[in-house]
Amino acid sequence: MTCYETIMAYGLRAVGYGERLLPRDDFTLCQQFTLIGSGMIWNVYFGIVALIAGFVFSTALAVGKASGNIWVRKPAEWFIFLFRGSPLFIQFFFGYFLFLQLKTVSPFFDAFTAAWLGALIVLFCNTAAYSGEIFYGALQSIPKGDVEAADAYGLSGWSRFKRVIWPTMLRLAWPAYTNEAIFLFHATTLVFFSGFPAWQQRGDALYYASYFADKTFNPFIPYPILAMYFIVLTLIVISIFGAINRRLNRHLPSNVRPKLRLRPNLIR
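A short tour of the structure in this document, coming up. (Residues numbered from 1 in each chain as written. Predicted model: local features only at pLDDT ≥ 70, side-chain atom pairs only at ≥ 80, totals over all residues. Heavy atoms only, no water.)

1. Thoughts on the overall build of the protein
Our working rule: Under the scheme used here, helices are H or I runs from DSSP no shorter than 4 residues and strands are E runs no shorter than 2 residues, and both carry numbers assigned from the N terminus. Only protein chains enter the calculation, and the probe is 1.4 Å; a residue is then buried if its accessible area is under 20% of its type maximum, exposed if over 50%, and partly exposed in between. Lys and Arg are tallied as positive, Asp and Glu as negative. Neither His nor the chain termini are counted. For the purpose of locating charges, the reference atoms are NZ of Lys, CZ of Arg, CG of Asp and CD of Glu.
When you go through the protein residue by residue, the secondary structure sums to nine helices and zero strands. Put simply, the protein runs from its N terminus to its C terminus through helices and strands in the order α-α-α-α-α-α-α-α-α. Seen along its three principal axes, the alpha-carbon backbone of the protein occupies a region of about 70 × 55 × 30 Å. The buried share among the 268 residues of the protein stands at 40%. Of the side chains in the protein, 23 bear a positive and 13 a negative charge, and the two mean positions are spaced by 11 Å.

2. Some points on the packing of helix H7 (residues 157-187) against helix H9 (residues 222-248)
We apply this condition: Helix axes are fitted to C-alpha atoms over the stretch in contact, other axes to C-alpha atoms as well, and angles between N-to-C directions run from 0 to 180 degrees. Should an angle fall under 35 degrees it is taken as roughly parallel, and over 145 as roughly antiparallel, whereas 65 to 115 is taken as roughly perpendicular and any remaining angle as oblique. It is the rotation of the near helix from the far one that decides the hand of a crossing: anticlockwise by less than a right angle makes it left-handed, clockwise makes it right-handed. What makes two residues a contact is simply this: any of their non-hydrogen atoms within 4.5 Å. Residues were grouped as follows: Ala, Val, Leu, Ile, Met, Phe, Trp, Tyr, Cys and Pro as nonpolar; Asp, Glu, Lys and Arg as charged; and all remaining residues, including Gly, as polar.
Closest axis-to-axis distance for the H7/H9 pair is 10 Å, and the angle between their directions is 165 degrees. As summarised for this structure, H7 and H9 are arranged roughly antiparallel, according to the angle between their axes. As for the relative orientation of H7 and H9, their crossing is right-handed in sense. Of the residues in H9, those touching H7 at Leu170, Arg171, Trp174, Pro175, Tyr177, Thr178, Ala181, Ile182, Phe185 and His186 are Phe230, Leu233, Thr234, Val237, Ile238, Phe241, Ile244, Asn245 and Leu248. When its residues are assigned to classes, the contact of H7 with H9 shows 14 nonpolar, four polar and one charged.

3. So, the packing of aromatic side chains
The cut-off we apply is this: Note on aromatic pairs: the rings of Phe, Tyr and Trp (six-membered ring only in Trp) are paired at centre separations within 6.5 Å, and the planes decide the class, stacked below 30 degrees, edge-to-face beyond 60, tilted for the rest.
All chains considered together, the criterion is met by 30 aromatic pairs. When the ring of Trp42 is compared with that of Tyr45, the centres are 5.5 Å apart and the planes differ by 85 degrees; the resulting orientation is edge-to-face. Taken together, the residues Trp42 and Tyr45, both in helix H2 (residues 29-65) and three residues apart, mark about one turn of the helix. Classification of Trp42 by relative accessible area gives partly exposed; the value is 21%. Between the aromatic rings of Tyr45 and Phe46, the centroid separation amounts to 5.4 Å while the plane-to-plane angle is 50 degrees, which identifies the pairing as tilted. Its relative accessible area of 26% is what places Tyr45 among the partly exposed residues. Among the aromatic residues, those joined into a cluster by ring pairs are Phe92, Tyr96, Phe99, Phe108, Phe109, Phe112 and Phe196.

4. Brief notes about the layout of surface pockets
In plain terms, the rule: Using a grid of 1 Å spacing that covers the protein atoms alone, one calls a set of points a cavity when a 1.4 Å probe fits there but cannot get out, and a pocket when the set is open and has protein on both sides within 12 Å along at least five of seven lines; lining residues are those with an atom within 4 Å of a point. Grid points are joined across faces, edges and corners, and a volume is the space filled by probe spheres set on the points.
When its volume is computed, the second largest pocket comes out at roughly 260 Å³. Taken together, 14 residues form the lining of the second largest pocket, with Ile48, Leu51, Phe185, Ile240 and Phe241 sitting closest to its centre. Listed by contribution, the elements that provide at least two residues to the lining of the second largest pocket are H2, H7 and H9. Grouping the constituent residues of the lining of the second largest pocket by class yields 14 nonpolar, no polar and no charged.

5. Description of the state of the cysteines
What counts, and what does not: The disulfide criterion used throughout: a pair of cysteine sulfur atoms within 2.5 Å.
Counting across every chain of the model gives one disulfide. Each sulfur of the disulfide joining Cys3 and Cys30 lies 2.1 Å from the other. Its torsion about the S-S bond being 85 degrees, the disulfide of Cys3 and Cys30 is classed as right-handed. Of this pair, Cys3 sits in helix H1 (residues 3-10) while Cys30 sits in helix H2, placing them 27 residues apart in sequence. Owing to a relative accessible area of 41%, Cys3 belongs among the partly exposed residues under this scheme. Given the relative accessible area of 14%, Cys30 is considered buried.

6. Description of the environment of Phe92
Relative to the elements of secondary structure, Phe92 occurs in helix H4 (residues 88-105). A relative accessible area of 0% places Phe92 in the buried class. When the C-alpha atoms of Phe92 and Glu148 are compared, they prove to be 44 Å apart, with 56 residues separating the residues in sequence.

7. A few points about a nonpolar patch on the surface
Put simply, the test is: Surface patches are drawn from residues lacking salt bridges whose relative accessible area is over 30%; two like charges belong together within 9 Å, two nonpolar side chains (Val, Leu, Ile, Met, Phe, Trp, Tyr) within 5 Å. Accessible surface is estimated by sampling points in the Shrake-Rupley manner with a 1.4 Å probe; for residues, cover comes only from the protein chains shown. Note on definitions: salt bridges are taken to be side-chain nitrogens of Lys or Arg within 4 Å of carboxyl oxygens of Asp or Glu.
On the surface, a cluster of nonpolar side chains totalling about 630 Å² of accessible area is made up of Leu29, Phe33, Ile221, Met228, Val232, Ile236, Ile240 and Ile244. Of all the secondary structure elements, the ones that give two or more residues to the nonpolar patch are H2 and H9. It is H9 that provides the largest number of residues to the nonpolar patch, a total of five residues. Its place among the elements puts Leu29 in helix H2.

8. As for the environment of Phe33
With respect to the secondary-structure elements, Phe33 resides in helix H2. The partly exposed category is assigned to Phe33, whose relative accessible area is 30%. It is 18 Å that separates the C-alpha atoms of Phe33 and Thr234, two residues lying 201 residues apart in sequence. In contact with Phe33, not counting residues within four places along its chain, are Ile225, Met228 and Tyr229.

Right, dumping it as structure tokens:
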């Protein structure tokens, strides 16, 4: 089988298209690059969907935590504390156990025990909590002069939040939020170790990298390939978020625009 035929056969295997059986012998670099790249589709899916949904919810969490109403503030504080205070790896196992119990109550929860939905919900809750704390800190750092200027222009309520507070919060929080986005994509590899099963061997990138490492007894080829894919993914995230950062700070002179400073979380 040529490399082109391998790509055609296994390029979309992770999402159910192409060959069903995995290679059993004579493993080639093309097979490893293709199948691990195919598994990256799931990692990108988990990261993008959790990031978009988590961004919306994290904004609500930040506003809720800054609220003067105790019935709004306390649930937001406890949600953030719960998911920031416990390891993501443990959250996957507790989430899977919870969905298994709910599955016995109603068949509606059958899909929640699958990785494509159950693991996604756990990732969504985790990134929403971390991002909510980032946005909350940015809310507390908004200069009072900006709010007073909005009041002077007669802006109040939703109009003031949409035109002044929210854009300023994003501008202040964006560098830290970029780090959270990168970590989220890296954290998608933990889905492989969680209790959520891969349906019909349609796993993520780490699933295929581990398969080749086990079959060839040589982890020094598939795992560097996996790392290379994530490095490329990280560069794409940095480029996109850097463009958004420049857009958020377009009103500032070019010599004073804050640049993204990536500080990876070594321990979390």
